[in-house]
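For reference, the chains in residue letters:
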Amino acid sequence: MIAGSVAILVVLAVLAPILHRLSAWLTSVIVAGTSIAIGALYALRAPEVLAGEVFVESWPWVEQLGLSLSFRLDGLSMLFALLISVIGGLVLLFSGGYFRGDARGGRFYATLLAFMASMLGLVVADNLLLIFAFWELTSITSFLLIGFGHERERSRWAAVQALLVTGLGGLVLLAGLLLLGFAAGTFEVRELVDSDIRDHALYVPAVICVLVGCFSKSAIFPFHFWLPNAMEAPSPVSALLHSSTMVKAGVYLIARLHPSVGGTLLWDDALIIFGGITMVLGAFHSTRKRALKPILAYSTVSSLGVLVMLIGMGAAKAAAAYLLAHAMFKACLFLAAGAITKITGEKEPERLGGLIRVTPILSIAAALGALSLAGMFPLAGFVGKELVLKAGLAHPEWATAVTIATVVAAVFTVMAACVVGFRPFFGKPADPNLKAKPAEWRLWLGPLLLGIAGMIAGVAPALFAQPLVESTIVSISGAPYTGDIKLQFAELLWPPTTATILSIVALTLGVGLYAMRALYRRITTAPAWLAWLHADDFYDHAVKGSLGLGGLTTRLIQNGHLHSYVRNTLLAMVLIVAPAVFRTDAAEGQPWAITFLDGLIAVSIIACALVSVMLTSALAAVATLGGIGFLMALLFVLYGVPDVAMTQFAVETLIVIIFVLVIYHLPKLRSLTSGPRRATDATVAAGFGLVMGAFAYLAAVRDVADPVSEEHALRSMPEGFGRNIVNVILVDFRALDTFGEIFVLAIAATGVYTLLRLRTRPEMKERS
């Protein structure tokens, strides 16, 4: 069932463009219904998972490396699977109205479903390398979604930026996952808990690499800049990728690995520090933006910082509750923002107003999402904020810093929530002539359901929120939770605590800041020193520096001179092979007996090589080099490989003839290089010859493994049904290599035939 759910989404992604051509309306219903049905299948397993049972599916993958295609369904993966499938279904339904009449709808459905399959595979995978495979698939599919409007330069730039940041972070993550696997002796996530990774020498570099990869994916400082720029994507993409799925991939992996690698100062303090900075920085930037989606994007950055900080603090209950609440209210607001843009054509909330008269249901949905974002009771956002404040106050070391940062971020978030969720609907429009049309049902149904779900989670958490949070706590903490889980808003609101008072203070200050937002924006927008907080300049400088370095390297290496290419290639080979040669002890190998005839041929080859570089006649140099080839063929005869010797004789004869025919028409040989350059070339050539000679000698005298020739001889008759071992090797054991060689020869023959045919055309004869 677990792997099958991923496969269903993949098949649906393939069929979506075909279905869209038949019926766009029906396609939106089918894909949305299928996604929600997958969520229902996971919900059927919820009672067992919530009771502590873990479902595992595993198939052998690369048995030699101990790898398998493993999938696991526990509390954490169950929560993410439900968010991906249910919210994804609502987003797909919303997309039907958003892309109504748009021929690109089929392509959009296919790409979005492929992303959902990748994200679902990531959260249910139980093998580190399988997780990484799905991780990279989410980066690729999100690149396609962010750059969906590729006709616009800004959209292409944002997609490339997201791919570069998350792609480079993914490479670092791969290194970290490999180090974790080597340190633990297993790549199965469920087996990491039983290994003693924290005391291993690879623990520190592994943790650093994993955190860098996760931070880049989840837009944690200093990688926070790419997420707001990715808002160039269509609103359905923003609602799914940047509220409840892709940007939480890093948070998910941190939570998944926390029981295995957490609990150290390096892990916990890094999460608290970088998460706290991201929380405040994202909330602050959200108050300085003018358009709907950038405001929500920076608010998402802030929320991701909250989640990372909570995991570092060991506050699994607060992290699980806030994760669920954030997915609901942020997806609701992103969809509402997309609907507003669709029906008005306006992106700035300050220019809008009075939309409640045009689309009252959408107004109610947006208000519910905004109230939850602001942390207002009785919604789920209030529960999440209360638990965040309580977790900060209870921390033994970071209580003061975390509490202050949380309150400051909450104040900024309240102001952003008012701008997004209330100004367009209940404010006075700046432009009286601005016209808005009513939103069709597919545009308001998703936001409304998500807003209502946020209210139910706060009023009656026992229906779905509390069981999901409880099972997620077990997965994040790695141990059964024995404390009291209070998620009902009334239980948190009364009797009032310090967290309650701080929450009310944040609400009051946030509303006041919203009332004075014009003055606030003038103050915070003017200073130029605030620009560095966006980190866009750092990215631009890094890209320009990389391009400049690439140009310099190209000018130095790709200079158009064959002489330089050969010298650089030989020098690189010397630098790569020489260390391995010097570290190898030749005394451990078998003695190599050299006969008199072998030595005579070797001396003759060396003599021909030395003479060839000292001759002034080009024809004489070619003849001398040909002698080296014939002497090599003689060596093949002595060692019992007459077929190779015949090939060498034929090829060498042909090469000598070709060189003689070409050089005959060239001017006399001249010295085109200076003395120092010839000395450099001689040094490089001598070094290359010595290193390659030593390498060949060591390869001949050392027995690294059993020779494959004996295995070929044993299997030639019973498996290849042939007594000629060479033929069996070429046709059976190395058939793919032989096929490739035949294919290359066929292409070459086709090219020669084409040139000959062109030569016989009358117009070609006239040109010649």
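Our subject is the structure listed above.
Quick caveat, the model's predicted, so the values are computed rather than measured. (Residues numbered from 1 in each chain as written. Predicted model: local features only at pLDDT ≥ 70, side-chain atom pairs only at ≥ 80, totals over all residues. Heavy atoms only, no water.)

Peer 1: I tried to follow helix H31 (residues 708-720) on my own but got confused; where do I start?
Peer 2: An α-helix turns once every 3.6 residues. As a result, residues three or four positions apart point the same way. If you check H31, its first and last C-alpha atoms are just 15 Å apart, much less than what 13 residues at 1.5 Å a residue would give, namely 18 Å. Taken as a whole, H31 carries its principal kink of about 35° at Leu714; the proline Pro718 stands between one and four residues after it. When we look at burial in H31, the residues that qualify are His712, Ser716 and Gly720. Its buried side turned inward, H31 meets helix H32 (725-733). Positive phi shows up at Phe721, right after H31, with a value of about 55°. (Helix = DSSP H or I, 4+ residues; strand = E, 2+ residues; numbered from the N terminus. Expected span 1.5 Å × (residues − 1). Bend = angle between axes of the 7 residues up to and from the residue. Buried < 20%, exposed > 50% of the residue type's maximum accessible area, 1.4 Å probe, protein only. Contact = heavy atoms within 4.5 Å.)

Peer 1: Help me out: how do you make sense of helix H12 (residues 249-261) in this one?
Peer 2: An ideal rise of 1.5 Å per residue puts 18 Å on 13 residues; H12 measures up with 17 Å between its terminal C-alpha atoms. Within H12, 13 of the 13 residues are buried, which leaves it mostly tucked inside the rest of the structure. Downstream of H12 by a residue or two, Gly263 has a phi angle that is positive, lying close to 95°.

Peer 1: Which parts of the structure should I look at to understand the packing of aromatic side chains?
Peer 2: The relative placement of two aromatic rings is captured by the distance of their centres and the angle of their planes. Taken as a whole and assessed by the stated rule, the structure comprises 18 aromatic pairs. Taken together, the ring pairs connect Phe94, Tyr98, Phe99, Phe108, Tyr109 and Phe148 into an aromatic cluster. Over the ring of Tyr98 we find Lys342; its NZ or CZ atom is 5.4 Å from the centre of that ring. Seen from the ring of Tyr514, Arg517 lies directly overhead, with NZ or CZ sitting 4.1 Å from the centre. (Phe/Tyr/Trp six-rings, centres within 6.5 Å; stacked < 30°, edge-to-face > 60°. Lys NZ or Arg CZ within 6 Å of the ring centre and 35° of its normal.)

Peer 1: When you look at the environment of Ala133 in this model, what are you seeing that I'm missing?
Peer 2: One can find Ala133 in helix H6 (residues 128-146). Taking the relative accessible area as the measure of exposure, Ala133 reaches 34% and is therefore partly exposed. Distance from Ala133 to Phe223, taken between C-alpha atoms, is 22 Å for residues 90 residues apart in sequence.

Peer 1: Just to check I follow, could you spell out the pairing of strand S2 (residues 67-73) for this structure?
Peer 2: Look at any regular strand and the pattern is simple: side chains alternate between the two faces of the sheet. Most of S2 is tucked away: six of the seven residues are buried. Direction of pairing for strand S1 (residues 55-62) relative to S2: antiparallel, over a ladder of seven bridges. For Val56, the partnering residue across the bridge sits in S2 and is Arg72. (Pairing = 2+ DSSP bridges.)

Peer 1: What exactly am I supposed to notice about the pattern of salt bridges here?
Peer 2: Where charged atoms from two side chains of opposite charge come close, those side chains can pair. In total, this model carries 15 salt bridges according to the counting rule given. A salt bridge links Arg72 to Asp126; the shortest N-O distance between them is 3.2 Å. Here Asp126 lies in the loop between helix H5 (105-124) and H6 and Arg72 lies in strand S2, a separation of 54 residues in the sequence. The network of salt bridges with shared partners includes Arg72, Asp126, Glu188 and Arg190. (Salt bridge = Lys/Arg side-chain N within 4 Å of Asp/Glu carboxyl O.)

Peer 1: What is the right way to read a nonpolar patch on the surface from this model?
Peer 2: Together, Phe596, Leu597, Leu600, Phe630, Leu634, Val637, Leu638, Tyr639, Met646 and Phe649 make up a nonpolar patch on the protein surface, roughly 970 Å² of accessible area in all. Breaking the nonpolar patch down by element, the ones donating at least two residues are helix H27 (596-614), helix H28 (618-638) and helix H29 (642-664). Ranked by residue count, the leading element in the nonpolar patch is H28, at four residues. Inspection of the secondary structure assignment puts Phe596 in helix H27. The class for Phe596 is exposed, based on a relative accessible area of 69%. (Patch = residues over 30% accessible without salt bridge, like charges linked within 9 Å, V, L, I, M, F, W, Y side chains within 5 Å. Areas by Shrake-Rupley, 256 points an atom, 1.4 Å probe, with all protein chains shown as cover.)

Peer 1: How should the side chain of Asp126 be read in this particular structure?
Peer 2: Residue Asp126 is classed as buried on the basis of its relative accessible area of 0%. Here Arg72 takes part through its side chain, which lies 3.2 Å from a polar atom of the side chain of Asp126. One polar contact links Asp126 to Arg190, side chain to side chain, over a distance of 2.3 Å. The residues contacting Asp126, other than those within four sequence positions of it, are Ser70, Phe71, Arg72, Phe187, Glu188, Val189 and Arg190. (Polar contact = N/O pair within 3.5 Å; in protein donor to acceptor, adjacent residues only side chain to side chain.)

Peer 1: Got a minute to help me understand unusual backbone geometry in this structure?
Peer 2: Apart from glycine, the bulk of residues carry a negative phi angle, and the bulk of peptide bonds sit in the trans form. The step from Phe221 to Pro222 runs through a cis peptide bond, and the omega angle for that step is 10°. Locating Pro222 in the fold gives a position in the loop between helix H9 (203-217) and helix H10 (226-229). In the segment running from Phe377 into Pro378, the intervening peptide bond is cis, with an omega of 10°. In this structure, Pro378 sits in the loop between helix H16 (360-374) and helix H17 (380-394). Of note, Ala219 is a non-glycine position whose phi angle comes to about 55°, a positive value. As for its placement among the helices and strands, Ala219 is situated in the loop between H9 and H10. Overall, Ala219 belongs to the buried group, its relative accessible area being 0%.

Peer 1: Sorry if this is basic, but what is going on with the environment of Leu178 here?
Peer 2: With respect to the helices, strands and loops of the structure, Leu178 is situated in helix H7 (residues 153-184). Spatially, the C-alpha atoms of Leu178 and Gly88 are 31 Å apart, while their sequence positions differ by 90 residues. Setting aside its immediate chain neighbours within four residues, Leu178 contacts Leu129 and Phe187.

Peer 1: Hey, could you run me through the side chain of Ser195 in this one?
Peer 2: Assignment of secondary structure puts Ser195 in the loop between helix H8 (189-192) and H9. Using a relative accessible area of 14% as the deciding quantity, one classes Ser195 as buried. For Ser195, the side chain forms a polar contact with the main-chain oxygen of Leu192, separated by 2.7 Å.

Peer 1: Help me understand the nonpolar core in this model?
Peer 2: In globular proteins that are soluble, nonpolar side chains generally tend to be buried together. Judged by nonpolar contacts, the single largest core of 188 residues is most densely connected at Tyr42, Leu113, Val123, Trp226, Leu257, Trp267 and Leu310. A total of 22 residues in this core trace back to one element, the largest contributor, which is helix H15 (residues 316-344). With six residues, the next largest nonpolar core counts Val577, Val581, Val691 and Leu698 among its residues. (Core = buried A, V, L, I, M, F, W, Y, C linked by side-chain atoms within 4.5 Å.)

Peer 1: Just to check I follow, could you spell out the packing of H31 against H32 for this structure?
Peer 2: Packed helices, taken two at a time, are described by their axes: the angle between them and the distance between them. Closest axis-to-axis distance for the H31/H32 pair is 10 Å, and the angle between their directions is 65°. With respect to their mutual orientation, H31 and H32 come out roughly perpendicular. Between H31 and H32 the crossing geometry is left-handed. From H31, His712, Ala713, Arg715, Ser716, Glu719 and Gly720 reach across to H32, where they touch Ile725, Val728, Ile729, Asp732 and Phe733. The residue inventory of the contact of H31 with H32, partitioned by class, reads five nonpolar, three polar and three charged. (Axes fitted to C-alpha atoms, helices over the stretch in contact; angles between N-to-C directions. Parallel < 35°, antiparallel > 145°, perpendicular 65-115°, else oblique. Left-handed = near helix turned anticlockwise from the far one by under 90°. Nonpolar A, V, L, I, M, F, W, Y, C, P; charged D, E, K, R; others polar.)

Function-wise, these values are silent; they only describe arrangement.
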